[in-house]
Amino acid sequence: MGNGIPLTDEDRIPWLETLRDALKASLMKGETVVLGCSALQKHYREILRCADPHYTPLSNECAVRFILLEVDAAILTARLESRNTQGKHFMPSTLLSSQLHLLQIDESEGIHRVDASQEPEKTLEDVIAPLRSFKWELKTGKL
């Protein structure tokens, strides 16, 4: 992506499997983990959900949860260009439209949505709020 070439599933899947394995190791130790990544498609999120040893594929009961940071494409472009100018991001803004095109959200997944056009502090508050109420008992496999 740093070279302006979008990733393929061949690029993404091994990376997602590595993230899944790291999540699983943490869940097995009873740890809470927050992972930031662009799991843009449902089948990418399914790979990550499989980190939960009690997860039944395509079900909604899972210790791995997702939060979608929603923001207008124009705001994203401006932020990305600003970060690129400062040398703080690897992906050129020219790839943003391909990333947004890949985004698939299935309402049945129960993905929590956060308005990311707000000030960063407020966005962070809105991200953290549902994490505080989520309780997972790994030993029983119950939410």
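Residues numbered from 1 in each chain as written. Predicted model: local features only at pLDDT ≥ 70, side-chain atom pairs only at ≥ 80, totals over all residues. Heavy atoms only, no water.

Colleague: Explain the overall build of the chain here, please?
Modeller: A count of helices and strands for the chain gives five helices and two strands. Taken over 143 residues, the chain has a buried fraction of 27%. Sequence-distant contacts, at least 24 apart, represent 63% of the contacts inside the chain between residues at least 6 apart. With the model as given, the accessible surface of the chain reaches about 9,300 Å², and the carbon-plus-sulfur share is 55%. (Helix = DSSP H or I, 4+ residues; strand = E, 2+ residues; numbered from the N terminus. Buried < 20%, exposed > 50% of the residue type's maximum accessible area, 1.4 Å probe, protein only. Contact = heavy atoms within 4.5 Å. Areas by Shrake-Rupley, 256 points an atom, 1.4 Å probe, with all protein chains shown as cover.)

Colleague: Sorry, what's going on with the nonpolar core here?
Modeller: Soluble globular proteins: nonpolar side chains tend toward being buried together. Counting residues in each nonpolar core, the largest one holds 16 residues, and the members touching the most others are Leu16, Leu27, Ala39, Leu48, Ala51, Val64 and Phe66. Of all the elements in the fold, those that place two or more residues in this core are helix 1 (9–28) and helix 2 (42–49). Counting residues per element, this core draws most heavily on helix 1, which supplies four residues. (Core = buried A, V, L, I, M, F, W, Y, C linked by side-chain atoms within 4.5 Å.)

Colleague: Looking at this model, I keep getting lost on the confidence of the model for the chain. Mind explaining?
Modeller: Regions with low pLDDT carry predicted coordinates that are not meant to be interpreted in detail. Chain-level pLDDT for the chain is 82 on average; 82% of the residues reach the 70-or-more range. Across the chain, the secondary-structure element scoring lowest on mean pLDDT is helix 4 (residues 96–102), at 77, and the one scoring highest is helix 2, at 94. Contacts from residues 136–143, a stretch scored under 50 in pLDDT, to residues over four places away or in other chains number 18 contacts. (pLDDT = per-residue confidence, 0-100.)

Colleague: Hey, could you run me through the packing of helix 1 against helix 2 in this one?
Modeller: The relative placement of two packed helices comes down to the angle between their axes together with the axis-to-axis distance. Running from N to C, helix 1 and helix 2 point in directions that differ by 30 degrees, and their axes come no closer than 8 Å. Compared by their axis directions, helix 1 and helix 2 come out roughly parallel. The element helix 1 and its partner helix 2 pack so that their crossing is right-handed. Facing helix 1, whose interface residues are Asp9, Arg12, Ile13, Leu16, Glu17, Leu19, Arg20 and Leu23, helix 2 presents His43, Tyr44, Ile47 and Leu48. Classifying every residue of the contact of helix 1 with helix 2 gives seven nonpolar, one polar and four charged. (Axes fitted to C-alpha atoms, helices over the stretch in contact; angles between N-to-C directions. Parallel < 35°, antiparallel > 145°, perpendicular 65-115°, else oblique. Left-handed = near helix turned anticlockwise from the far one by under 90°. Nonpolar A, V, L, I, M, F, W, Y, C, P; charged D, E, K, R; others polar.)

Colleague: Quick question: what am I supposed to make of the environment of histidine 112 here?
Modeller: Structurally, the position occupied by histidine 112 is in strand 2 (residues 112–115). Through-space distance from the C-alpha of histidine 112 to that of isoleucine 67 is 4.7 Å; in sequence the pair is 45 residues apart.

Colleague: Explanation requested: the pattern of salt bridges in the structure shown.
Modeller: Between side chains of opposite charge, pairing is possible as soon as their charged atoms come close. Inspection of the entire model under this criterion finds eight salt bridges. Glutamate 46 serves as the salt-bridge partner of arginine 49, at 3.1 Å between the closest nitrogen and oxygen. Placement of the pair is arginine 49 and glutamate 46 together in helix 2, with a separation of three residues, close to one helical turn. With a relative accessible area of 13%, glutamate 46 lands in the buried category. (Salt bridge = Lys/Arg side-chain N within 4 Å of Asp/Glu carboxyl O.)

Colleague: Can you walk me through the side chain of serine 26 in this structure?
Modeller: Checked against the element boundaries, serine 26 lands in helix 1. Those residues in contact with serine 26, other than ones at most four positions away along the chain, are Glu31 and Val33.

Colleague: Sorry if this is basic, but what is going on with helix 1 here?
Modeller: Counting along an α-helix, one turn takes 3.6 residues, and residues three or four places apart therefore face a common direction. An ideal rise of 1.5 Å per residue puts 28 Å on 20 residues; helix 1 measures up with 28 Å between its terminal C-alpha atoms. Within the sequence span of helix 1, burial applies to Arg12, Leu16, Leu19, Leu23, Ser26 and Leu27. Buried residues of helix 1 fall within an arc of 90 degrees about the axis and therefore sit on the same side. Across helix 1 from its buried face, at more than 90 degrees, point the exposed residues Glu10 and Thr18. Among the residues trailing helix 1, glycine 30 stands out with phi positive, at a value near 80 degrees. (Expected span 1.5 Å × (residues − 1). Arc of directions from axis to C-beta.)

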